[in-house]
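Coordinates in review
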2 protein chains.
Amino acid sequence: MRKEKVYISQETVKRLSLYLRNLRRLEKEGVRVICSDRISELLDVSPAQFRKDLSYFGEFGKRGVGYEIRRLIEELEDILGVNKQWKIVLIGVGRLGSALLRFEGFSKFNLKIELAFDIDKRKIGKVINGVKIEDVQRLTERVKEEGVKVGLISTPPQVAQEIADRLIEGGIKGIMNFAPVTLKIPEDVFITNVDMACELERVIFFLNNEGKVKTDSKLLS
Amino acid sequence: MRKEKVYISQETVKRLSLYLRNLRRLEKEGVRVICSDRISELLDVSPAQFRKDLSYFGEFGKRGVGYEIRRLIEELEDILGVNKQWKIVLIGVGRLGSALLRFEGFSKFNLKIELAFDIDKRKIGKVINGVKIEDVQRLTERVKEEGVKVGLISTPPQVAQEIADRLIEGGIKGIMNFAPVTLKIPEDVFITNVDMACELERVIFFLNNEGKVKTDSKLLS
DNA sequence: TTTTATTTGTTCCTATTTTCACAAAAAGTA
DNA sequence: TACTTTTTGTGAAAATAGGAACAAATAAAA
Ligand SMILES: NC(=O)c1ccc[n+]([C@@H]2O[C@H](COP(=O)([O-])OP(=O)(O)OC[C@H]3O[C@@H](n4cnc5c(N)ncnc54)[C@H](O)[C@@H]3O)[C@@H](O)[C@H]2O)c1
Ligand SMILES: NC(=O)c1ccc[n+]([C@@H]2O[C@H](COP(=O)([O-])OP(=O)(O)OC[C@H]3O[C@@H](n4cnc5c(N)ncnc54)[C@H](O)[C@@H]3O)[C@@H](O)[C@H]2O)c1
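Source: prediction; values computed, not measured.

Attention now moves to the overall build of chain A. Scanning chain A from N- to C-terminus turns up nine helices and twelve strands. Considered along the principal axes of its C-alpha atoms, chain A spans approximately 60 × 45 × 35 Å. Here chain A, with 221 residues, has 52% of them falling under the buried criterion. A fraction of 55% describes how many contacts in chain A between residues 6 or more apart in sequence connect residues 24 or more apart. Split by element, the accessible area of chain A, about 10,600 Å² in all, is 50% carbon and sulfur.

Set out below in structure tokens:
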């Protein structure tokens, strides 16, 4: 039964996305039905966690049987919203940006980078993966025009705040930021920072404290 | 006073890394001393959180004054282990891998990719950013030889598990994985998954549930 | 039909994380 | 020196998240 008011944590959302990807993989392998115990073996998530994550949104399984994969994929796509088309804009077509632009992992599933901007005259006009790189000068205007709602920032950190401001002015409501800066954004805009340097330093921290570490996620100092 | 036995959460470690980066930036701007309230304005972390994170490792501030930035930078570098040299190996020099290889954000601070491997004959032998791309066939052997302890996996997901196994056989103790798969690794190896597709879907989830969203990290369904 | 096997959905409990709030410390001021 | 202001470090409280455990549901077996 659907709940009246439930707060979904960001950790849950991350896991939903993880479930979806792996269910798709399983379906491709010909699996039709799966139970939470099997999911748990595959991913690093407890069976109870899997069931609980889903329970926030409804009842998708059959007791004594498990989950019909096709059905669950569709439910998850609906929950996450990836069954709809979302226009994405990329700003900063440098080394990382052009990797993102060429990456099929997004576009495979309705998440397609449709606009790209850079400040570098040599890049403007070039077409990568079917997307023409435009002048960042026209960013706000073009974002409004196209009704884009999601932005990926892969510019140098120095200009990332300015880019974010202009995206938001253009109506962007969700940002994935790769620049190593903490951006100031209004409450109604969602941001996720992909911070590779932090991630790498986390690995280093673990190594540096080897022997003193207790579990996979804890350290004993 | 240093604690006998304290467990440090991964969230704390991420924040330590964030603090370090921003303290470096502040120092460059000429700031000498900072208090937790100012840090809190700059980053998206409460002053109490900042103080508590640091308190797990010692007392670095001065009451009524704040934290001497130089001192704190050095303490954090020591805590994270980034004051030591760490050899890093990259596997899969494709679009993402070559961006990583060329990225100065890591190498600036003792985190240097020193070995790179690929399976593609056209890439093997090429030099990027001073690093010669080697044949992945010799991966385990070379990792042992060089005593590398950290590995970045940016190969296609299909081969990521195999690469991880060979890295671990070679003595790797920390992995940053960019391939969208859940890798099976032994307890004593640390792994962090940089999962951009999940992150992007998290943004989409927020947009898809707009209006029903309560706070920056919670959703009302 | 009854019994046995599974496996979900959910409640309740436990553990972890964050925030609060304040004594203790430092430095300036009178 | 005594008083004021500021800000840390931290124990206690509040908020969150995770996990165990079990009734309810389903299907298969007897
Ligand atoms: N390369 C990596 O592997 C990597 C890893 C982690 C984080 N990052 C971060 O991602 C961002 C991009 O990194 P990169 O290595 O691709 O850098 P890059 O220099 O290769 O690319 C940056 C691009 O942004 C463009 N640009 C600069 N100012 C601009 C502006 N005002 N408007 C629009 N475009 C502008 C540049 O012309 C360039 O094409 C940086 O913030 C970096 O710290 C990169
Ligand atoms: N490009 C992106 O922006 C992006 C974003 C998110 C995730 N990823 C993930 O990162 C990984 C790399 O992506 P990419 O876009 O760079 O792909 P890519 O195809 O450009 O690069 C993959 C590289 O790995 C090499 N490779 C293949 N098999 C190998 C093996 N057995 N041993 C060593 N090297 C091998 C290939 O030769 C190639 O150079 C993928 O798993 C992808 O899903 C990429």
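What follows is about the interface of chain B and chain A. Contacts between chain B and chain A engage 79 residues on the former and 79 residues on the latter. Note on chain B versus chain A: buried area summed over both sides is about 7,200 Å², and carbon and sulfur give 62% of it. Run the count over chain B and chain A and you get four salt bridges. One salt bridge in this structure joins D195 of chain B and R21 of chain A, with 2.5 Å as the shortest N-O distance. If one sorts the elements of the side of chain B that touches chain A by residue count, helix α9 (residues 196-208) of chain B sits on top with 13 residues. Across the side of chain B that touches chain A, the residue classes tally to 42 nonpolar, eleven polar and 26 charged.

Here we come to the site of ligand 2. What surrounds ligand 2 is a group of 24 residues, the closest being R95, L96, D118, K123 and T155 of chain B. Residues near ligand 2 are shared among chains A and B, making this a multi-chain site. One of the backbone nitrogen or oxygen atoms of I119 of chain B is found 3.4 Å away from a nitrogen atom of ligand 2. Burial of ligand 2 by the protein chains amounts to 87% of its free accessible area of 820 Å². Elements with a minimum of two residues in the shell around ligand 2: α5 (95-102) of chain A together with α5 (95-102) and α8 (157-169) of chain B. The element best represented in the shell around ligand 2 is α8 of chain B, accounting for three residues. When the residues that make up the shell around ligand 2 are grouped by side-chain class, the tally is 16 nonpolar, four polar and four charged.

Below, the discussion takes up the site of ligand 1. Around ligand 1 sit 24 residues, and of these R95, L96, D118, K123 and T155 of chain A come closest. More than one chain lines the surroundings of ligand 1; the residues nearby belong to chains A and B. One of the side-chain N or O atoms of K123 of chain A is found 2.6 Å from an oxygen atom in ligand 1. Contacts to ligand 1 include T155 of chain A, whose backbone N or O atom sits 2.6 Å from an oxygen atom. For ligand 1, the accessible surface in isolation is 810 Å², of which the surrounding protein chains cover 88%. Among the secondary structure elements, those contributing two or more residues to the shell around ligand 1 are α5 and α8 (157-169) of chain A together with α5 of chain B.

As a further point, take the packing of aromatic side chains. Residue and element names in this part refer to chain A. On inspection of all chains with the given rule, the structure shows nine aromatic pairs over all chains. When the centroid spacing of 4.7 Å and the interplanar angle of 75° are considered together, the rings of Y19 and F50 count as edge-to-face. Placement of the pair is Y19 in helix α1 (residues 10-28) and F50 in helix α3 (residues 47-55), with a sequence separation of 31 residues. As far as the burial class goes, Y19 and F50 line up, both buried. Taken together through their ring pairs, the aromatic side chains of Y19, F50 and Y67 make up a single cluster.

Moving on to the protein's contact with DNA strand C. Around DNA strand C sit 26 residues, and of these S36, R51, G64 and Y67 of chain A together with R63 of chain B come closest. Taking the atoms of DNA strand C that fall within 4 Å of the protein, sugar and phosphate contribute 67% of them. R51 of chain A places a polar side-chain atom, nitrogen or oxygen, 2.8 Å from a base nitrogen of DNA strand C. One nitrogen or oxygen atom from the side chain of R15 of chain B is found 3.0 Å from a phosphate oxygen belonging to DNA strand C. Among the secondary structure elements, those contributing two or more residues to the surface near DNA strand C are α3, β3 (61-62) and β4 (66-68) of chain A together with α3 (47-55) of chain B. With four residues, α3 of chain B is the single largest residue contributor to the surface near DNA strand C.

Before going further, it helps to spend a moment on the sheet that holds strand β5 (residues 86-91) of chain A. Residues and elements named next belong to chain A. Taken in spatial order, the seven strands line up as β7-β8-β6-β5-β9-β10-β11 in an open sheet, and their pairing is mixed. Single-partner strands in this sheet number two, and they are β7 (127-128) and β11 (190-193). Alignment of strand β6 (residues 111-118) against strand β8 (residues 131-135), held across three bridges, turns out to be parallel. The partner of F117 across the bridge, within β8, is E134. Sheet strands in contact with α8 are β5, β9 (150-153) and β10 (174-177), and its direction is about 170° off that of β9.

Once that is clear, we can look at the domain arrangement of chain A. Each assigned domain of chain A is listed here: domain 1 (10-80) and domain 2 (86-198). Computed from C-alpha coordinates alone, the two centres of domain 1 of chain A and domain 2 of chain A are separated by 31 Å.

Our focus in this paragraph is the pairing of strand β8 (residues 131-135) of chain B. Residues and elements named next belong to chain B. Direction of pairing for strand β7 (residues 127-128) relative to β8: antiparallel, over a ladder of two bridges. Opposite I128, over in β8, you have V131 as the bridge partner. Hairpin connection between β7 and β8: a loop of two residues separates the two successive antiparallel strands, and N129 in this loop has a positive phi of roughly 55°.

Another aspect to go through is the side chain of D195 of chain B. For D195 of chain B, the location among the structural elements is in the loop between β11 (190-193) and α9. Judged by relative accessible area, which is 16%, D195 of chain B ranks as buried. Engagement of the side chain of D195 of chain B in a polar contact is seen with the side chain of R21 of chain A, the distance being 2.5 Å. At 3.2 Å, the side chain of D195 of chain B forms a polar contact with the backbone nitrogen of C198 of chain B.

Attention now moves to the environment of V159 of chain A. Note on placement: V159 of chain A falls in helix α8. In this structure the C-alpha to C-alpha distance between V159 of chain A and I34 of chain A, which are 125 residues apart in sequence, comes to 47 Å.

Definitions and cut-offs
Residues numbered from 1 in each chain as written. Chains lettered and ligands numbered in written order. Predicted model: local features only at pLDDT ≥ 70, side-chain atom pairs only at ≥ 80, totals over all residues. Heavy atoms only, no water. Helix = DSSP H or I, 4+ residues; strand = E, 2+ residues; numbered from the N terminus. Buried < 20%, exposed > 50% of the residue type's maximum accessible area, 1.4 Å probe, protein only. Contact = heavy atoms within 4.5 Å. Areas by Shrake-Rupley, 256 points an atom, 1.4 Å probe, with all protein chains shown as cover. Buried area = accessible area lost by both parts, 1.4 Å probe. Salt bridge = Lys/Arg side-chain N within 4 Å of Asp/Glu carboxyl O. Nonpolar A, V, L, I, M, F, W, Y, C, P; charged D, E, K, R; others polar. Near = heavy atom within 4 Å. Polar contact = N/O pair within 3.5 Å; in protein donor to acceptor, adjacent residues only side chain to side chain. Phe/Tyr/Trp six-rings, centres within 6.5 Å; stacked < 30°, edge-to-face > 60°. Pairing = 2+ DSSP bridges. Axes fitted to C-alpha atoms, helices over the stretch in contact; angles between N-to-C directions. Domains from an automatic or database assignment.

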